[in-house]
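Each chain, letter by letter, is given below.
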There are 2 protein chains.
Amino acid sequence: MNYNEAKDKFISTWGALGTLWGINKAMAQIHALLWISPEPLSMEDIMEELHISRGNTSMNLRQLMDWGIVFKESKPGERKEYFISEKDVQELARQVAKERSRREIKPVIKVLREVSGIENDGSKKTEELIKQTKSLYELADSADTMMNKIVNQESNWITKTLMKLIK
Amino acid sequence: MNYNEAKDKFISTWGALGTLWGINKAMAQIHALLWISPEPLSMEDIMEELHISRGNTSMNLRQLMDWGIVFKESKPGERKEYFISEKDVQELARQVAKERSRREIKPVIKVLREVSGIENDGSKKTEELIKQTKSLYELADSADTMMNKIVNQESNWITKTLMKLIK
DNA sequence: TTAAACTTTCAAAAATTACTGAAAGTTTAA
DNA sequence: TTAAACTTTCAGTAATTTTTGAAAGTTTAA
């Protein structure tokens, strides 16, 4: 496997994984491209490499910046804007954990708390609803708390912790 | 919030969360419905409750069974088949972790190993590709190893471990 | 100011994914 | 066997999501 084959394989695999986890393909592929690029890339560079339109590129770069894993960089004396990705894998994981928690997990936890907190009228179905949503609430809440730990610790906490668990 | 409001809120929230994480809405909603149902439900029951077609119900029940989180149950003397969900939240988490690892993470890890293992020709871009895919490989591999630990431990290991980490 | 160089927005089109419903398939009781 | 009761499959349709491309917007240098 030569450089180009490896690059294409990485980009398309990352895109496919993104899709499976609810992240759109172009966004994941732009991230993959920037992740392995030693130099900042312009919008043109990205459009050309991935064969996607200007609009698509612009929108997905915005999203990646909203997620806090891609940044703008302007080269002195140049009008054009360049983009670089967060390069530290730990920081990437922190950032993704932080955003998914904030956008997706926290709102669900809120609903689970509300739902599991309804008045128990003693009927079988109400009891089951309360019991089952409560157990989900407890799992989601501890998982989320762990995610926040990750987010707020120093950058290599994840690896250290995973290592501890694995041993 | 009364029982019906709570039930509907839980089902639609669970469906929306599924969508965000790459799981189709009907599948997530069927799971939610069975999760809080004290009795096994027939296909008719599910169709009626969620307003979805027979075909859709059948296909998504099959997927839930493939994931190992929903089971068939036949009542003695009845022709109809009934469905129940795994009720233990720990077992649910184990099963989901196991399946996502097997279907999605393991194949990606394989690609990351291949890609990061290409010959280093000394060029800047090749060095960056190798460095960055290797760091992703290491993260994914320890995360996956942890997932397997979860899968292979006794059922309440997750909570215990999360608790340990949180303190 | 102006205009060139660039980015963003968004309505329309394309692509993908999910859903339906009827036909085919299966199982079971008699 | 047969036929009723049920489930699965799948081609066609619908809904959703993604992508395009051109117009509008912004920034900067002169």
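Residues numbered from 1 in each chain as written. Chains lettered and ligands numbered in written order. Predicted model: local features only at pLDDT ≥ 70, side-chain atom pairs only at ≥ 80, totals over all residues. Heavy atoms only, no water.

Trainee: Any chance you could break down the interface of chain B and chain A for me, citing the residues and the numbers?
Mentor: How big an interface is tends to be expressed through the accessible area that disappears when the partners come together. Taken residue by residue, the interface counts 50 residues in chain B and 51 residues in chain A. Both faces considered, chain B and chain A share a buried interface measuring about 5,200 Å² in area, 77% of it formed by carbon and sulfur atoms. Remark: the boundary between chain B and chain A carries six salt bridges. Salt-bridge contacts for Glu 128 of chain B lead to Lys 87 of chain A; the nearest nitrogen and oxygen are separated by 2.8 Å. Joining chain B to chain A, the criterion identifies 14 residue pairs in polar contact (both at pLDDT 80 or more). Put simply, the parts of the chain that give the side of chain B that touches chain A at least two residues each are helix 1 (3-20), helix 5 (89-116), helix 6 (124-152) and helix 7 (157-166) of chain B. When residues in the side of chain B that touches chain A are grouped by element, the largest group, 15 residues, is from helix 6 of chain B. (Contact = heavy atoms within 4.5 Å. Buried area = accessible area lost by both parts, 1.4 Å probe. Salt bridge = Lys/Arg side-chain N within 4 Å of Asp/Glu carboxyl O. Polar contact = N/O pair within 3.5 Å; in protein donor to acceptor, adjacent residues only side chain to side chain. Helix = DSSP H or I, 4+ residues; strand = E, 2+ residues; numbered from the N terminus.)

Trainee: So what about the environment of Glu 49 of chain A? Which residues, and what values?
Mentor: All names here are of chain A. Its place among the elements puts Glu 49 in helix 3 (residues 43-50). The class of Glu 49 is partly exposed, set by a relative accessible area of 34%. Those residues in contact with Glu 49 that lie beyond four places of it in its chain are Lys 7 and Leu 33. A polar contact of 2.7 Å, which involves the side chain of Glu 49, links it to the side chain of Lys 7. (Buried < 20%, exposed > 50% of the residue type's maximum accessible area, 1.4 Å probe, protein only.)

Trainee: Go over the protein's contact with DNA strand C, please, and point to the residues and values.
Mentor: Taken together, 18 residues lie near DNA strand C, and Ser 58 of chain A together with Asn 24, Ser 53, Gly 55 and Asn 56 of chain B sit nearest. Backbone atoms, meaning sugar and phosphate, make up 62% of the atoms of DNA strand C lying within 4 Å of the protein. One nitrogen or oxygen atom from the side chain of Ser 58 of chain A is found 3.1 Å from a phosphate oxygen belonging to DNA strand C. Residue Ser 53 of chain B places a main-chain N or O atom 2.7 Å away from a phosphate oxygen belonging to DNA strand C. Broken down by secondary-structure element, the contributors of at least two residues to the surface near DNA strand C are helix 4 (54-66) of chain A together with helix 4 (54-66) of chain B. In terms of residues, the surface near DNA strand C owes the most to one element, helix 4 of chain A, which gives four residues. (Near = heavy atom within 4 Å.)

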